[in-house]
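Below, each chain spelled out in residue letters.
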Amino acid sequence: MNTSDNGTSNVYVPGASGPVDVIDSARSTLAVEIEALKALSGRLDRTFVRAVDILLACPGRVVVSGIGKSGHIARKVAATFASTGTPAFFVHAAEAVHGDLGMITANDVLVTISYSGTTAELLTIVPVVKRLGSPLIAITGNADSELAQLADVHLDASVPQEACPLNLAPTASTTTALALGDALAVACLEARGFGPEDFARSHPGGALGRRLLTHVSDVMRTGKDVPIVPITASVTEALVEITRKSMGMTVVVDGDRVVGIFTDGDLRRLIEREGDIRNLTVVAGMTRNPLHIGPDALATEAAARMDDNRKNQLLVLDATGRLVGALHTHDLMAAKVL
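Predicted model only: the values in this text are computed from it and were never measured.

J.: Please clarify how helix α11 (residues 235-245) should be interpreted in this entry.
T.: For the α-helix, the turn length of 3.6 residues means that residues three or four positions removed from each other point alike. Where α11 is concerned, the buried positions are Val235, Ala238, Glu241, Ile242 and Lys245. Down the axis of α11, the smallest arc covering the buried residues is 120 degrees, so these residues share one side. Exposed side of α11, more than 90 degrees from the buried face: Thr243 and Arg244 are the residues found there. Phi turns positive, to about 55 degrees, at Ser246, one or two residues after α11.

J.: Hey, could you run me through the environment of Thr119 in this one?
T.: Relative to the helices and strands, Thr119 resides in the loop between β6 (109-113) and α5 (120-132). Measuring from C-alpha to C-alpha, the distance between Thr119 and Ala93 comes to 9.1 Å, with 26 residues separating the pair along the chain. If near-sequence neighbours (up to four positions away) are discounted, Thr119 is found in contact with Ile67 and Ser114. A distance of 2.7 Å separates polar atoms of two side chains, one belonging to Thr119 and the other to Ser114.

J.: Quick question: what am I supposed to make of the sheet that holds strand β12 (residues 292-293) here?
T.: Sheet strands line up and pair through hydrogen bonds in the backbone, either parallel or antiparallel. Taken together, the three strands give an open sheet; going across it, the order is β12-β13-β14, and neighbouring strands pair in mixed fashion. Either end of the sheet is taken by a strand with one partner, and the two such strands are β12 and β14 (323-328). Examined bridge by bridge, β12 and strand β13 (residues 313-317) share two bridges and lie parallel to one another. Bridging from a neighbouring strand, Ile293 pairs with Val316 of β13.

J.: Whenever I open this one, α5 confuses me. Can you help?
T.: The sharpest bend along α5 comes to roughly 25 degrees, located at Val126, with the proline Pro127 sitting one to four residues further on. The complete set of buried residues in α5 reads Leu122, Leu123, Ile125, Val126 and Val129. Against the buried residues of α5 lie β4 (62-66), α4 (93-96), β6, β7 (136-140) and α6 (146-150). Among the residues trailing α5, Gly133 stands out with phi positive, at a value near 95 degrees.

J.: Which parts of the structure should I look at to understand unusual backbone geometry?
T.: Leave glycine aside and you will find that most residues have negative phi; peptide bonds, for their part, are mostly trans. Phi is positive for Asn289, which is not a glycine, with a value near 50 degrees. Within the element layout of this structure, Asn289 appears in the loop between α12 (264-274) and β12. Since its relative accessible area comes to 72%, Asn289 is described here as exposed.

J.: Honestly, a nonpolar patch on the surface in this entry has me stumped. Any pointers?
T.: On the surface, Val20, Val22 and Ile23 cluster together to form a nonpolar patch covering roughly 210 Å² of accessible area. In this fold, Val20 is placed in strand β3 (residues 20-21).

J.: Help me out: how do you make sense of the nonpolar core in this one?
T.: Proteins that are soluble and globular tend to have nonpolar side chains buried together. Counting residues in hydrophobic clusters, the biggest one holds 28 residues, and the most contacted among them are Leu55, Val64, Phe81, Ile139, Leu155 and Leu184. Looking at this core, the elements with two or more residues in it are α2 (46-57), β4, α3 (69-83), β5 (88-92), β6, β7, β8 (153-156) and α7 (172-192). Counting residues in each nonpolar core, the second largest holds 17 residues, with Ala96, Leu123, Val129 and Leu136 among its members.

J.: What should I look at first to understand the layout of surface pockets in this one?
T.: A probe as big as a water molecule, rolled over the atoms, marks out the empty space that is left. As a volume, the largest pocket reaches approximately 320 Å³. Every residue lining the largest pocket is counted, 18 residues in all, and those nearest its centre are Thr263, Arg310, Lys311, Asn312 and Gln313. Only β11 (257-263), α12 and β13 provide two or more residues apiece to the lining of the largest pocket. Among the elements that make up the lining of the largest pocket, the one with the highest residue count is α12 (five residues). Split by residue class, the lining of the largest pocket holds four nonpolar, eight polar and six charged. Considered as a void within the structure, the second largest pocket measures approximately 180 Å³ in volume. The wall of the second largest pocket is formed by 17 residues, among which Ser70, Ser114, Tyr115, Ser116 and Ser173 lie closest to the centre. Secondary structure elements with two or more residues in the lining of the second largest pocket: α3, β7 and α7.

About the criteria used
Residues numbered from 1 in each chain as written. Predicted model: local features only at pLDDT ≥ 70, side-chain atom pairs only at ≥ 80, totals over all residues. Heavy atoms only, no water. Buried < 20%, exposed > 50% of the residue type's maximum accessible area, 1.4 Å probe, protein only. Helix = DSSP H or I, 4+ residues; strand = E, 2+ residues; numbered from the N terminus. Arc of directions from axis to C-beta. Contact = heavy atoms within 4.5 Å. Polar contact = N/O pair within 3.5 Å; in protein donor to acceptor, adjacent residues only side chain to side chain. Pairing = 2+ DSSP bridges. Bend = angle between axes of the 7 residues up to and from the residue. Patch = residues over 30% accessible without salt bridge, like charges linked within 9 Å, V, L, I, M, F, W, Y side chains within 5 Å. Areas by Shrake-Rupley, 256 points an atom, 1.4 Å probe, with all protein chains shown as cover. Salt bridge = Lys/Arg side-chain N within 4 Å of Asp/Glu carboxyl O. Core = buried A, V, L, I, M, F, W, Y, C linked by side-chain atoms within 4.5 Å. 1 Å grid on protein atoms, 1.4 Å probe; cavity = no way out; pocket = protein on both sides within 12 Å on 5 of 7 lines; lining within 4 Å. Points joined across faces, edges and corners; volume = space filled by probe spheres on them. Nonpolar A, V, L, I, M, F, W, Y, C, P; charged D, E, K, R; others polar.

What follows is the structure, encoded as C-alpha coordinates:
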(Lines give C-alpha, C1' and ligand atoms only; values in the text may rest on other atoms or scores of the structure.)
Protein backbone atom coordinates (compact mmCIF):
# COMPACT_ATOMS: atom_id res chain seq x y z
CA MET A 1 0.00 0.00 0.00
CA ASN A 2 1.43 3.36 -1.02
CA THR A 3 0.38 6.90 -0.18
CA SER A 4 0.74 9.47 -2.92
CA ASP A 5 3.23 12.30 -2.50
CA ASN A 6 1.05 14.94 -4.13
CA GLY A 7 -0.43 16.19 -0.88
CA THR A 8 -3.74 14.35 -1.24
CA SER A 9 -5.23 11.88 1.23
CA ASN A 10 -5.46 9.13 -1.38
CA VAL A 11 -4.15 5.66 -0.58
CA TYR A 12 -3.27 3.26 -3.39
CA VAL A 13 -3.92 -0.44 -2.81
CA PRO A 14 -2.47 -2.96 -5.26
CA GLY A 15 -5.24 -4.63 -7.25
CA ALA A 16 -7.88 -2.05 -6.33
CA SER A 17 -9.82 -0.26 -9.04
CA GLY A 18 -8.54 3.12 -7.93
CA PRO A 19 -7.23 5.21 -5.03
CA VAL A 20 -9.12 5.46 -1.73
CA ASP A 21 -9.51 8.87 -0.09
CA VAL A 22 -8.99 7.95 3.56
CA ILE A 23 -10.08 11.35 4.87
CA ASP A 24 -13.40 11.08 3.04
CA SER A 25 -13.72 7.52 4.36
CA ALA A 26 -13.12 8.66 7.94
CA ARG A 27 -15.60 11.52 7.63
CA SER A 28 -18.19 9.17 6.22
CA THR A 29 -17.73 6.80 9.16
CA LEU A 30 -18.07 9.61 11.66
CA ALA A 31 -21.12 11.02 9.89
CA VAL A 32 -22.92 7.67 10.04
CA GLU A 33 -22.14 7.24 13.72
CA ILE A 34 -23.13 10.82 14.55
CA GLU A 35 -26.48 10.33 12.85
CA ALA A 36 -26.97 7.08 14.78
CA LEU A 37 -26.34 8.90 18.07
CA LYS A 38 -28.72 11.71 17.11
CA ALA A 39 -31.42 9.14 16.38
CA LEU A 40 -30.73 7.46 19.74
CA SER A 41 -31.06 10.77 21.55
CA GLY A 42 -34.41 11.40 19.92
CA ARG A 43 -35.74 8.01 21.04
CA LEU A 44 -35.02 8.46 24.75
CA ASP A 45 -38.26 8.32 26.74
CA ARG A 46 -39.73 6.99 30.00
CA THR A 47 -38.23 3.60 29.23
CA PHE A 48 -34.78 5.06 29.89
CA VAL A 49 -36.08 6.56 33.15
CA ARG A 50 -37.35 3.13 34.26
CA ALA A 51 -33.95 1.62 33.52
CA VAL A 52 -32.24 4.26 35.67
CA ASP A 53 -34.78 3.69 38.47
CA ILE A 54 -33.96 -0.03 38.44
CA LEU A 55 -30.23 0.65 38.54
CA LEU A 56 -30.54 3.14 41.41
CA ALA A 57 -32.68 0.73 43.42
CA CYS A 58 -30.27 -2.18 42.94
CA PRO A 59 -29.11 -3.42 46.38
CA GLY A 60 -26.36 -5.51 44.84
CA ARG A 61 -24.26 -4.98 41.74
CA VAL A 62 -24.96 -4.25 38.11
CA VAL A 63 -23.83 -7.21 36.01
CA VAL A 64 -23.19 -6.35 32.36
CA SER A 65 -22.93 -9.18 29.85
CA GLY A 66 -22.43 -9.71 26.15
CA ILE A 67 -20.37 -11.64 23.66
CA GLY A 68 -18.21 -10.74 20.67
CA LYS A 69 -18.06 -7.02 19.89
CA SER A 70 -20.99 -6.44 22.23
CA GLY A 71 -18.98 -8.18 24.93
CA HIS A 72 -16.18 -5.63 24.53
CA ILE A 73 -18.74 -2.83 24.85
CA ALA A 74 -20.30 -4.53 27.89
CA ARG A 75 -16.93 -4.74 29.60
CA LYS A 76 -16.36 -1.01 29.12
CA VAL A 77 -19.87 -0.12 30.27
CA ALA A 78 -19.36 -2.15 33.46
CA ALA A 79 -16.07 -0.33 34.07
CA THR A 80 -17.78 3.03 33.59
CA PHE A 81 -20.52 2.13 36.07
CA ALA A 82 -17.98 0.95 38.63
CA SER A 83 -15.86 4.09 38.40
CA THR A 84 -18.81 6.46 38.69
CA GLY A 85 -20.49 5.19 41.84
CA THR A 86 -22.52 2.21 40.63
CA PRO A 87 -20.91 -1.08 41.73
CA ALA A 88 -20.69 -3.25 38.62
CA PHE A 89 -18.76 -6.02 36.94
CA PHE A 90 -18.64 -7.76 33.56
CA VAL A 91 -19.57 -11.39 32.98
CA HIS A 92 -18.76 -12.97 29.63
CA ALA A 93 -21.91 -14.64 28.35
CA ALA A 94 -20.06 -17.76 27.17
CA GLU A 95 -18.29 -18.15 30.53
CA ALA A 96 -21.57 -17.58 32.36
CA VAL A 97 -23.07 -20.77 30.95
CA HIS A 98 -20.03 -22.68 32.20
CA GLY A 99 -20.06 -21.62 35.83
CA ASP A 100 -19.70 -17.85 36.04
CA LEU A 101 -23.48 -17.56 36.36
CA GLY A 102 -22.88 -18.24 40.04
CA MET A 103 -21.48 -14.71 40.33
CA ILE A 104 -24.98 -13.26 39.86
CA THR A 105 -27.33 -13.02 42.85
CA ALA A 106 -30.96 -12.06 43.37
CA ASN A 107 -29.82 -8.63 44.56
CA ASP A 108 -28.16 -7.82 41.25
CA VAL A 109 -29.40 -6.25 38.02
CA LEU A 110 -28.43 -7.87 34.72
CA VAL A 111 -27.74 -5.62 31.73
CA THR A 112 -27.36 -7.51 28.47
CA ILE A 113 -26.02 -6.07 25.21
CA SER A 114 -26.79 -7.81 21.93
CA TYR A 115 -27.63 -5.98 18.73
CA SER A 116 -29.62 -8.86 17.26
CA GLY A 117 -31.22 -9.77 20.57
CA THR A 118 -30.83 -13.42 19.61
CA THR A 119 -27.43 -14.25 21.10
CA ALA A 120 -27.74 -17.88 22.19
CA GLU A 121 -25.46 -17.62 25.22
CA LEU A 122 -27.44 -14.66 26.62
CA LEU A 123 -30.76 -16.38 25.98
CA THR A 124 -29.44 -19.37 27.93
CA ILE A 125 -28.56 -17.40 31.06
CA VAL A 126 -31.50 -14.96 31.08
CA PRO A 127 -34.15 -17.46 32.29
CA VAL A 128 -31.87 -18.55 35.13
CA VAL A 129 -31.26 -14.98 36.21
CA LYS A 130 -34.95 -14.10 36.00
CA ARG A 131 -35.78 -17.10 38.20
CA LEU A 132 -33.50 -15.56 40.79
CA GLY A 133 -35.68 -12.47 40.65
CA SER A 134 -32.97 -10.21 39.21
CA PRO A 135 -34.29 -7.44 36.93
CA LEU A 136 -33.14 -7.53 33.31
CA ILE A 137 -32.29 -4.50 31.19
CA ALA A 138 -31.67 -5.41 27.55
CA ILE A 139 -29.90 -3.17 25.06
CA THR A 140 -30.63 -4.43 21.55
CA GLY A 141 -31.30 -3.19 18.05
CA ASN A 142 -34.40 -5.35 17.66
CA ALA A 143 -37.43 -4.62 19.84
CA ASP A 144 -39.13 -7.81 18.57
CA SER A 145 -36.24 -10.07 19.55
CA GLU A 146 -36.57 -12.73 22.24
CA LEU A 147 -34.08 -10.93 24.49
CA ALA A 148 -36.04 -7.67 24.23
CA GLN A 149 -39.29 -9.47 25.01
CA LEU A 150 -37.83 -11.16 28.09
CA ALA A 151 -36.44 -7.90 29.50
CA ASP A 152 -38.04 -5.86 32.26
CA VAL A 153 -36.81 -2.84 30.33
CA HIS A 154 -35.72 -2.83 26.70
CA LEU A 155 -33.56 0.03 25.42
CA ASP A 156 -33.62 0.49 21.66
CA ALA A 157 -30.08 0.84 20.29
CA SER A 158 -31.01 0.25 16.64
CA VAL A 159 -29.17 2.04 13.84
CA PRO A 160 -30.28 2.57 10.23
CA GLN A 161 -26.93 1.34 8.95
CA GLU A 162 -23.42 0.45 10.04
CA ALA A 163 -20.52 2.71 9.15
CA CYS A 164 -18.89 -0.29 7.49
CA PRO A 165 -19.52 0.11 3.70
CA LEU A 166 -20.51 -3.57 3.61
CA ASN A 167 -23.02 -2.87 6.41
CA LEU A 168 -21.63 -5.89 8.23
CA ALA A 169 -18.94 -4.93 10.79
CA PRO A 170 -20.46 -3.62 14.05
CA THR A 171 -19.52 0.06 14.05
CA ALA A 172 -22.43 2.47 14.43
CA SER A 173 -24.29 -0.15 16.47
CA THR A 174 -21.45 -0.65 18.96
CA THR A 175 -20.95 3.11 19.22
CA THR A 176 -24.64 3.51 20.01
CA ALA A 177 -24.62 0.74 22.62
CA LEU A 178 -21.56 2.26 24.27
CA ALA A 179 -23.10 5.73 24.32
CA LEU A 180 -26.31 4.34 25.81
CA GLY A 181 -24.32 2.60 28.54
CA ASP A 182 -22.47 5.84 29.25
CA ALA A 183 -25.78 7.70 29.44
CA LEU A 184 -27.10 5.22 32.01
CA ALA A 185 -23.94 5.48 34.11
CA VAL A 186 -23.85 9.27 34.06
CA ALA A 187 -27.56 9.55 34.87
CA CYS A 188 -26.96 7.33 37.92
CA LEU A 189 -23.90 9.38 38.83
CA GLU A 190 -25.88 12.62 38.82
CA ALA A 191 -28.84 11.10 40.66
CA ARG A 192 -26.52 9.93 43.45
CA GLY A 193 -24.73 13.27 43.71
CA PHE A 194 -21.44 11.53 42.94
CA GLY A 195 -18.72 14.21 43.08
CA PRO A 196 -15.02 14.69 42.38
CA GLU A 197 -13.96 13.32 45.77
CA ASP A 198 -16.05 10.18 45.21
CA PHE A 199 -14.48 9.78 41.79
CA ALA A 200 -11.02 10.22 43.29
CA ARG A 201 -11.62 7.42 45.80
CA SER A 202 -12.17 4.97 42.94
CA HIS A 203 -9.19 6.38 41.01
CA PRO A 204 -6.49 6.73 43.70
CA GLY A 205 -3.72 6.07 41.19
CA GLY A 206 -4.82 8.78 38.78
CA ALA A 207 -3.98 12.45 38.69
CA LEU A 208 -7.36 13.46 40.12
CA GLY A 209 -7.00 10.95 42.93
CA ARG A 210 -3.61 12.31 43.88
CA ARG A 211 -4.92 15.88 43.87
CA LEU A 212 -7.99 15.15 45.95
CA LEU A 213 -6.73 12.46 48.30
CA THR A 214 -3.17 13.59 49.09
CA HIS A 215 -2.85 15.66 52.24
CA VAL A 216 0.02 17.83 53.42
CA SER A 217 0.84 15.27 56.11
CA ASP A 218 1.37 12.65 53.40
CA VAL A 219 4.18 14.54 51.67
CA MET A 220 5.70 16.93 54.21
CA ARG A 221 9.19 16.54 55.63
CA THR A 222 9.32 15.83 59.35
CA GLY A 223 11.73 15.35 62.23
CA LYS A 224 15.42 15.61 61.41
CA ASP A 225 14.64 16.32 57.75
CA VAL A 226 13.30 19.76 58.66
CA PRO A 227 16.04 22.45 58.87
CA ILE A 228 15.84 24.24 62.23
CA VAL A 229 18.13 26.71 64.05
CA PRO A 230 17.60 28.57 67.32
CA ILE A 231 16.98 32.29 67.39
CA THR A 232 20.55 32.77 68.69
CA ALA A 233 22.17 31.10 65.66
CA SER A 234 24.59 33.05 63.51
CA VAL A 235 23.99 33.51 59.81
CA THR A 236 26.87 31.12 59.18
CA GLU A 237 25.23 28.44 61.32
CA ALA A 238 21.97 28.99 59.48
CA LEU A 239 23.75 28.56 56.13
CA VAL A 240 25.21 25.26 57.28
CA GLU A 241 21.73 24.01 58.21
CA ILE A 242 20.25 25.22 54.91
CA THR A 243 22.97 23.40 52.98
CA ARG A 244 22.65 20.21 55.02
CA LYS A 245 18.86 19.87 54.67
CA SER A 246 18.54 21.04 51.03
CA MET A 247 15.30 22.95 51.39
CA GLY A 248 16.64 26.40 50.53
CA MET A 249 15.65 27.65 53.99
CA THR A 250 15.76 26.99 57.70
CA VAL A 251 13.11 27.48 60.35
CA VAL A 252 14.08 29.83 63.20
CA VAL A 253 12.71 28.84 66.61
CA ASP A 254 12.69 30.23 70.12
CA GLY A 255 12.28 27.09 72.18
CA ASP A 256 9.20 25.36 70.75
CA ARG A 257 7.88 28.52 69.15
CA VAL A 258 8.44 29.35 65.47
CA VAL A 259 9.61 32.95 65.15
CA GLY A 260 10.66 33.08 61.52
CA ILE A 261 12.18 31.53 58.43
CA PHE A 262 15.54 32.27 56.81
CA THR A 263 15.75 31.51 53.08
CA ASP A 264 18.28 31.82 50.27
CA GLY A 265 16.43 34.97 49.23
CA ASP A 266 16.71 36.41 52.75
CA LEU A 267 20.45 35.76 52.63
CA ARG A 268 20.89 37.64 49.35
CA ARG A 269 18.89 40.58 50.61
CA LEU A 270 20.88 40.64 53.85
CA ILE A 271 24.20 40.70 51.99
CA GLU A 272 22.93 43.48 49.74
CA ARG A 273 21.86 45.50 52.77
CA GLU A 274 24.68 44.81 55.25
CA GLY A 275 27.65 43.70 53.18
CA ASP A 276 29.64 41.91 55.89
CA ILE A 277 27.36 39.32 57.52
CA ARG A 278 29.96 37.30 59.43
CA ASN A 279 29.01 38.66 62.84
CA LEU A 280 25.26 38.80 62.32
CA THR A 281 22.68 36.48 63.84
CA VAL A 282 19.94 34.91 61.79
CA VAL A 283 17.42 37.31 63.33
CA ALA A 284 18.94 40.13 61.28
CA GLY A 285 17.73 38.64 58.01
CA MET A 286 14.89 36.22 58.78
CA THR A 287 11.29 36.69 57.66
CA ARG A 288 8.86 36.85 60.56
CA ASN A 289 5.35 35.34 60.44
CA PRO A 290 6.31 32.83 57.73
CA LEU A 291 3.78 31.30 55.35
CA HIS A 292 2.30 28.12 56.82
CA ILE A 293 -0.45 25.55 56.49
CA GLY A 294 -2.01 22.74 58.56
CA PRO A 295 -1.08 19.06 58.15
CA ASP A 296 -4.66 18.04 57.31
CA ALA A 297 -4.98 20.44 54.38
CA LEU A 298 -4.91 19.02 50.86
CA ALA A 299 -1.53 19.08 49.17
CA THR A 300 -3.14 20.96 46.30
CA GLU A 301 -4.06 23.73 48.73
CA ALA A 302 -0.44 23.94 49.82
CA ALA A 303 0.64 24.17 46.18
CA ALA A 304 -1.84 26.97 45.51
CA ARG A 305 -0.70 28.88 48.59
CA MET A 306 2.94 28.68 47.56
CA ASP A 307 2.08 29.68 44.02
CA ASP A 308 -0.05 32.64 45.10
CA ASN A 309 2.74 33.92 47.37
CA ARG A 310 5.59 33.02 45.00
CA LYS A 311 7.24 30.82 47.61
CA ASN A 312 9.09 27.52 47.25
CA GLN A 313 8.79 26.55 50.92
CA LEU A 314 5.89 26.26 53.33
CA LEU A 315 5.93 25.50 57.05
CA VAL A 316 3.41 23.03 58.46
CA LEU A 317 1.98 24.00 61.84
CA ASP A 318 -0.63 22.20 63.93
CA ALA A 319 -3.67 23.88 65.49
CA THR A 320 -1.59 25.11 68.44
CA GLY A 321 1.05 26.68 66.19
CA ARG A 322 3.61 23.95 66.84
CA LEU A 323 5.95 23.08 63.97
CA VAL A 324 5.21 19.57 62.67
CA GLY A 325 6.85 19.66 59.25
CA ALA A 326 7.83 21.61 56.16
CA LEU A 327 7.15 21.45 52.43
CA HIS A 328 9.18 22.33 49.36
CA THR A 329 7.74 22.49 45.85
CA HIS A 330 10.02 19.56 45.00
CA ASP A 331 8.08 17.43 47.52
CA LEU A 332 4.82 18.20 45.73
CA MET A 333 6.40 17.41 42.37
CA ALA A 334 7.74 14.11 43.66
CA ALA A 335 4.24 13.21 44.88
CA LYS A 336 2.90 14.17 41.42
CA VAL A 337 0.56 16.72 42.95
CA LEU A 338 2.09 19.37 40.69
